[in-house]
Amino acid sequence: MYSGEHAEPKEHGCLRSILKFIAFLLILFVLQWAVRSYVVQPFQIPSGSMEETIMTGDMIFSEKISYATGEIQQGDIVTFDDPQVPSRTLIKRVIATEGQTVNLIDGQVYVDGVALDEPYTQGKPSYPLEQAKGQDFSYPYTVPEGELWVMGDNRTNSQDSRFFGSIKESTVSGKAVFTYWPLNHIGILE
């Protein structure tokens, strides 16, 4: 009896399955790359410069959509390229944006002449640091156009703008929004 259908050779069926699997992996890889490049990127925190807000070893998400459609704001926690080692990503809090003037007086941070209320520092003082080689700035410091003044929440253990100066806004890769690991630190970053 003839049914009119031809059976596909076994080799063709196996090859087709392998090609489908490779295509699936390729699509998965492209989607993962697109999400990391344009939407959200995970980071593990290597140092204590943002403690107690973000602890050493915490894993966070830094989202990229906010700054594609809006401005970086004072108080945002941002990820950015390290001005000293551009291949490394740092995380700090934005203290002042372009045109604002930062001053450090008796361990207190002032922006445009107003003392900041910074409960996230746990009362740690904010003194000037010895500046990185090649840096020469003084206080009060007015943040240049297209730049940001950033500082770690752990003021006594953070190399930040007090060390390397203001950073270019163009080096910001995203806004840190959420801690997802460890479980006892899960939460929205503020």
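This text goes with the structure placed above it.
Peer 1: Looking at this structure, I do not really get the packing of aromatic side chains. What am I missing?
Peer 2: Given two aromatic rings, one states the distance between the centres and the angle between the planes to describe the pair. Applying the stated criterion across every chain yields a total of 7 aromatic pairs. Between the aromatic rings of Tyr-139 and Trp-149, the centroid separation amounts to 5.9 Å while the plane-to-plane angle is 80 degrees, which identifies the pairing as edge-to-face. Of this pair, Tyr-139 sits in the loop between strand E7 (114–115) and strand E8 (141–142) while Trp-149 sits in strand E9 (residues 147–151); the two residues are 10 residues apart in sequence, bridging distant segments of the chain. The rings of Phe-137, Tyr-139, Tyr-141 and Trp-149 are connected pair by pair, giving a single aromatic cluster. Residue placement shows Arg-93 over the ring face of Tyr-120; its charged tip is 3.7 Å from the ring centre.

Peer 1: I tried to follow the sheet that holds strand E5 (residues 101–105) on my own but got confused; where do I start?
Peer 2: Note on sheets: strands pair through backbone hydrogen bonds, and any given pair is parallel or antiparallel. One open sheet accounts for 4 strands, arranged E7-E6-E5-E8; its pairing is antiparallel. Edge strands, defined here as strands with exactly one partner in the open sheet, are E7 and E8. Two elements, E5 and E8, share 2 bridges in a ladder whose sense is antiparallel. Across the sheet, the residue bridging to Val-102 is Tyr-141, located in E8.

Peer 1: Any chance you could explain a nonpolar patch on the surface here in plain terms?
Peer 2: Among the surface-exposed residues, Leu-15, Ile-18, Leu-19 and Ile-22 lie close enough to one another that they form a single nonpolar patch of about 380 Å² accessible area. Looking at the element boundaries, Leu-15 is found in helix H1 (residues 10–38). Exposure remark for Leu-15: the relative accessible area of 47% places this residue in the partly exposed category.

About the cut-offs
- Throughout this document, residue positions are counted from 1 along each chain, in the order its sequence is written.
- Local features are withheld for residues below a pLDDT of 70 in this predicted model, meaning they are given only at 70 or higher, and side-chain atom pairs are given and counted only at 80 or more; totals for whole chains, interfaces and linings count all residues.
- The basis for every side-chain value is the complete set of heavy atoms in the structure, and neither hydrogens nor water enter the calculation.
- Pairing of aromatic rings covers Phe, Tyr and Trp, the last counted by its six-membered ring, and requires centre-to-centre distances within 6.5 Å; plane angles under 30 degrees mean stacked, over 60 mean edge-to-face, and any other angle means tilted.
- Segments assigned H or I by DSSP are reported as helices when at least four residues long, segments assigned E as strands when at least two residues long, and all are numbered from the N terminus.
- Here, a charge over a ring is recorded when the distance from Lys NZ or Arg CZ to the ring centre is within 6 Å and its angle to the ring normal is within 35 degrees.
- Following DSSP output, two strands are said to pair if at least two bridges run between them.
- Patch definition: residues above 30% relative accessible area lacking any salt bridge, with like charges linked at up to 9 Å and the nonpolar side chains Val, Leu, Ile, Met, Phe, Trp and Tyr linked at up to 5 Å.
- Accessible surface area values rest on a Shrake-Rupley calculation with a 1.4 Å probe, where residue burial reflects the displayed protein chains alone.
- We define a salt bridge as a side-chain nitrogen of Lys or Arg found within 4 Å of a carboxyl oxygen belonging to Asp or Glu.
- Burial status follows relative accessibility: with a 1.4 Å probe on protein chains alone, a residue under 20% of its type maximum counts as buried, one over 50% as exposed, and anything between as partly exposed.

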